[in-house]
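What follows is each chain in one-letter form.
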Amino acid sequence: MCVSKSILKYFSIFPLWSLLSGLLVGVYLADQFGMGSWGTMLLFCLSLSFVVRKRFIYMLSSGLLLGHLTHGTVIESQHECLKQADIGEKIIRAVVIDTGKLESGPYIIKVLEAKNFPTGTRLLLSQPKRQDVILKHGDIISTKGRFKNIGSIRNPYEFDRKEWLYRQGVTLIFTPSEKLKLSGTSWQYLPFRTMAKWRQHIRSAITLSLEQESKQAQLIRAVVLGERPPRDSAMIHDFRESGTLHVFAVSGLHVGMVGAIISLVLWFFRLPRWAVILGTILCMSVYAGITGMNAPAVRAVIMATVFLSGFLVQRKPVLVNSLAASAIIVLLFDGHQLFTTGFQLSYGVLLAIALATGMWTRVFKPLGEIDSFFPRPLLNSKQEFLLEKRRWLRGSLAVSMAAWMGSAPLMWLHFGIVTPIAIIAGIPLMLIVFLILALAMLSLAVGALWQPAGDSINSLNSRLATTTYTLAAAFADIPSGHHYRKPNNNGKHHIIVFDLPYGGGAQFLDVGGGILLDCGHDDTFRRHVLPTLGALRARPDSLIISHADVKHCGAMSQCLKFYDVKQSLIPRTDLRSPSYKKFVKNALAHKSQLITPSAGQIFQIEPEIFLETLHAPREIDGSGRADDTGLVLRLHCHGWRILFTGDAGYATEDQLLSSGIDLSADIIVMGRNRDDFTGSQSFLQAVQPNAIISTNATFPQMESIPKTWKKHLKLSNIDLFDQQLTGAVIITIDKGSLTLSTTLEGTPPLMITRE
């Protein structure tokens, strides 16, 4: 009863929260069930309002209906668009509404005109490379092409592009079959084009006189424009583990800092309050536009506008009510925001600050107090100064603790990391970030009048940037300052057979210190392999190159930077692939032991786990084809045997058969040989596998799986895991069983037990 009264009292003091609560529920239900339950929802809300005649019930019901109606309409429209996939070619006329972070794609377009196709639909434009055209905001294009679905993730923990685009309102990809025709510019997007030009000018001006790819320049651009450094940057790692990674994304923090700087400048010129408030709101809006109108920045501008508007009407704004008002505006405009991590973090942190700062201020009260029996007028200037600084520290700690309370659960849920050190690290780092923003704005103003002065300010900013990432690295190295969520392996070993595009290959063996068998090309490694290893907290200490193909070993030099590699198994030292030769050179420079195994050589990994070399190309005369000058390895794990053949073809299989050695294995992990047949009948009879995991590239034709081969496997009772259909395959090894599970839905798991 007391709880009910407390809730009613809260809703009476903050009436917008009852409306927001209903809106949140309505958006969620619409997202899950669409408009199918609209009639039931309407009847329920009318009945509830009639029975319980309270203001908060009216507000709650109104929010429920509004959220369900606005977001449900969008969801129904997106689901209707999905039916248009693979319906043949269509001519469309569309406008470019998003040009990507660097203004060069990927492009999102909105349909203006198309026969038998809903206007207003958002599409991802996928241009063939031969037709790649640089587009700008507001460009109106006409072309002919096809619609297709956006693919699901094919490897564990990789970026879910389909879900991200869905939350941007995009459900289909449009691929033009003819050259794009530009037919003008939409006047509505002219401000965006102008601000994109300003962005390029600012990007250059704030790092002028600095080395453009230096850490300092990258950090300044990240703080000012939200231009995130490369994923493999050590800075990203340090800021993540110090709990301050949000400095790399333009968010409410940056918009608030810009607003504070602008308001201080306007106040310095003694402008009236209304002019300071309107000027601050205008400048924050322009800043959000310059940084790309990202959702966090737009949310921050809306929130600040609602909060500051209270002063214009001579009312003291309440942060809790301002939060509710801005969230209502955001969700009515775009219900998808509710399901984004940024929205949850923004409002979660600010709500925690609004509710918990007072509590933490009381906890830290002694930090900013003097002895109650000591009269304050007796303090000398130094003691007064120290007292003020202690009170500032008390306030900063209170806000930092409250913010951490709001962010920690969400960081653990979404990213699997919690960073207690952020409570301390956030105070000095946010102060320095504020100074970096202020100096960047000063550099723009002064540099426009006299460039040498602007260069001097940039040099000073560079020193601040150095201090920032040095501090972040120091905080990241503090013991127990951060904790990652560890994957629960239940004491079992796992092998991940990645699904890489264009016939690439990579496998991670969770045995010993971790073994990475091939890694793909540079780009595919970063997109598909690296996120999985990062999520699993895996740091392989051994590398294996099956053969010298850039699609298999192109990123091995990158692996030397990421991991402390103790040894690497390579086929031979005289192969001519540039990426392979680069890796051999870099491995020697990193003092990683290079091993060229011989046939029959065994590498003990753990008790009951060892790796056996079945085919050693160093013993073959001549260079040969890359696919047939590779290693063939067999992993023995608690009595189970898994054979890795790489892209070996008939020539390698014939040599293995001629050797007379035992080739039997429970599972074969194979690629396809582009010049030769892979998986001959005699070879499969010798191996007698229960299952085969195979790549299946659509191009070139020789790297695809023949239909006749599939039929032969079916007749032989061999289960085929075609990675075009399964995505990555995870092999879970237990002493009594092997389990194969897939990333894509549609293929049931396979369990192999001992006979």
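Just so you know, these numbers come straight off a predicted model, no measurement behind them. (Residues numbered from 1 in each chain as written. Predicted model: local features only at pLDDT ≥ 70, side-chain atom pairs only at ≥ 80, totals over all residues. Heavy atoms only, no water.)

1. Considering the sheet that holds strand β14 (residues 593–595)
Argument step 1. One open sheet holds the nine strands; their spatial order is β14-β13-β12-β11-β10-β9-β22-β23-β24, and the pairing between them is mixed. Looking at the sheet topology across the chains shown, the edges are occupied by β14 and β24 (750–753). With strand direction ignored, the average angle separating the axes of adjacent strands in the sheet is 15°.
Argument step 2. Pairing of strand β9 (residues 493–497) with strand β22 (residues 729–733), which is carried by five bridges, proceeds in the antiparallel orientation. Counted as the bridge partner of Ile 495 is Ile 731 from β22.
Argument step 3. Across the sheet, helix α17 (residues 522–535) is in contact with β9, β10 (506–509) and β11 (515–519); its angle to β11 comes to roughly 170°. (Pairing = 2+ DSSP bridges. Helix = DSSP H or I, 4+ residues; strand = E, 2+ residues; numbered from the N terminus. Axes fitted to C-alpha atoms, helices over the stretch in contact; angles between N-to-C directions. Contact = heavy atoms within 4.5 Å.)

2. Observations concerning the packing of aromatic side chains
Argument step 1. Under the defined criterion, the tally for this structure stands at nine aromatic pairs.
Argument step 2. Here Trp 360 and Phe 364 contribute two aromatic rings whose centre-to-centre distance is 5.9 Å and whose plane-to-plane angle is 25°, an arrangement assigned as stacked.
Argument step 3. Of the residues examined, Trp 360 reaches a relative accessible area of 17% and is grouped as buried.
Argument step 4. Between Phe 562 and Tyr 563, the aromatic rings sit 6.1 Å apart at their centres with planes inclined by 50°, giving tilted as the arrangement.
Argument step 5. We classify Phe 562 as buried; its relative accessible area is 18%.
Argument step 6. Cluster of aromatic residues (ring-pair linked, three or more members): Phe 117, Phe 147 and Phe 174.
Argument step 7. Seen from the ring of Trp 267, Arg 270 lies directly overhead, with NZ or CZ sitting 5.3 Å from the centre.
Argument step 8. Note that Arg 485 overlies the ring of Trp 412, its terminal NZ or CZ placed 5.6 Å from the centroid. (Phe/Tyr/Trp six-rings, centres within 6.5 Å; stacked < 30°, edge-to-face > 60°. Buried < 20%, exposed > 50% of the residue type's maximum accessible area, 1.4 Å probe, protein only. Lys NZ or Arg CZ within 6 Å of the ring centre and 35° of its normal.)

3. A few points about the nonpolar core
Argument step 1. If you look at the biggest cluster of nonpolar residues, it comprises 50 residues, and the most contacted ones within it are Leu 219, Phe 239, Phe 248 and Leu 437.
Argument step 2. Looking at this core, the elements with two or more residues in it are α6 (190–205), α7 (215–225), α8 (234–241), α9 (252–268), α10 (273–290), α11 (295–312), α15 (422–449) and α16 (451–476).
Argument step 3. The greatest single-element share of this core, amounting to nine residues, is contributed by α15.
Argument step 4. Ranked by size, the runner-up nonpolar core spans 31 residues in total, among them Ile 495, Ile 609, Ile 642 and Leu 738. (Core = buried A, V, L, I, M, F, W, Y, C linked by side-chain atoms within 4.5 Å.)

4. Side note on the pairing of β22
Argument step 1. Of all five residues making up β22, five are buried, and the element is well covered by its neighbours.
Argument step 2. Sheet analysis places β22 next to strand β23 (residues 737–742), joined by five bridges and oriented antiparallel. The residue bridging Val 729 from the neighbouring strand is Thr 742, located in β23.
Argument step 3. Between the end of β22 and the start of β23, which pair antiparallel, lie three residues.

5. A look at the pattern of salt bridges
Argument step 1. Applying the stated criterion to the full structure yields 11 salt bridges.
Argument step 2. Between Lys 144 and Glu 89 there is a salt bridge, and its shortest N-O distance comes to 3.7 Å. Placement of Lys 144 in strand β4 (residues 139–149) and of Glu 89 in the loop between α4 (55–82) and β1 (90–98) is noted, with a sequence separation of 55 residues between them.
Argument step 3. A relative accessible area of 30% places Lys 144 in the partly exposed class.
Argument step 4. Where salt bridges share partners, they join Asp 31, Glu 163 and Arg 167 into one cluster. (Salt bridge = Lys/Arg side-chain N within 4 Å of Asp/Glu carboxyl O.)

6. Here we look at unusual backbone geometry
In most cases, non-glycine residues show a negative phi, while peptide bonds are predominantly trans.
Argument step 1. One non-glycine residue, Arg 537, adopts positive backbone phi at about 55°.
Argument step 2. Residue placement: Arg 537 occurs in the loop between α17 and β12 (542–544).
Argument step 3. With relative accessibility at 37%, the residue Arg 537 sits in the partly exposed group.
Argument step 4. In this structure, Gln 688 takes a positive phi of about 55° despite not being glycine.

7. Points about the environment of Arg 485
Argument step 1. Tracing the sequence through the fold places Arg 485 in the loop between β8 (483–484) and β9.
Argument step 2. Its relative accessible area of 37% is what places Arg 485 among the partly exposed residues.
Argument step 3. Along the primary structure Arg 485 and Arg 537 are separated by 52 residues, whereas in three dimensions their C-alpha atoms are 8.7 Å apart.
Argument step 4. Not counting residues up to four positions away in its chain, the partners in contact with Arg 485 are Trp 412, Leu 413, Gly 416 and Arg 537.
Argument step 5. From its side chain, Arg 485 meets the backbone oxygen of Trp 412 in a polar contact 2.5 Å long. (Polar contact = N/O pair within 3.5 Å; in protein donor to acceptor, adjacent residues only side chain to side chain.)

8. Things to note about the packing of helix α13 (residues 341–363) against helix α14 (residues 381–415)
Argument step 1. Viewed as axis vectors pointing N to C, α13 and α14 meet at an angle of 145°, and their least axial separation amounts to 7 Å. The way α13 lies across α14 gives a crossing that is right-handed.
Argument step 2. Taken together, the residues that form the contact of α13 with α14 break down as 16 nonpolar, eight polar and one charged. (Left-handed = near helix turned anticlockwise from the far one by under 90°. Nonpolar A, V, L, I, M, F, W, Y, C, P; charged D, E, K, R; others polar.)

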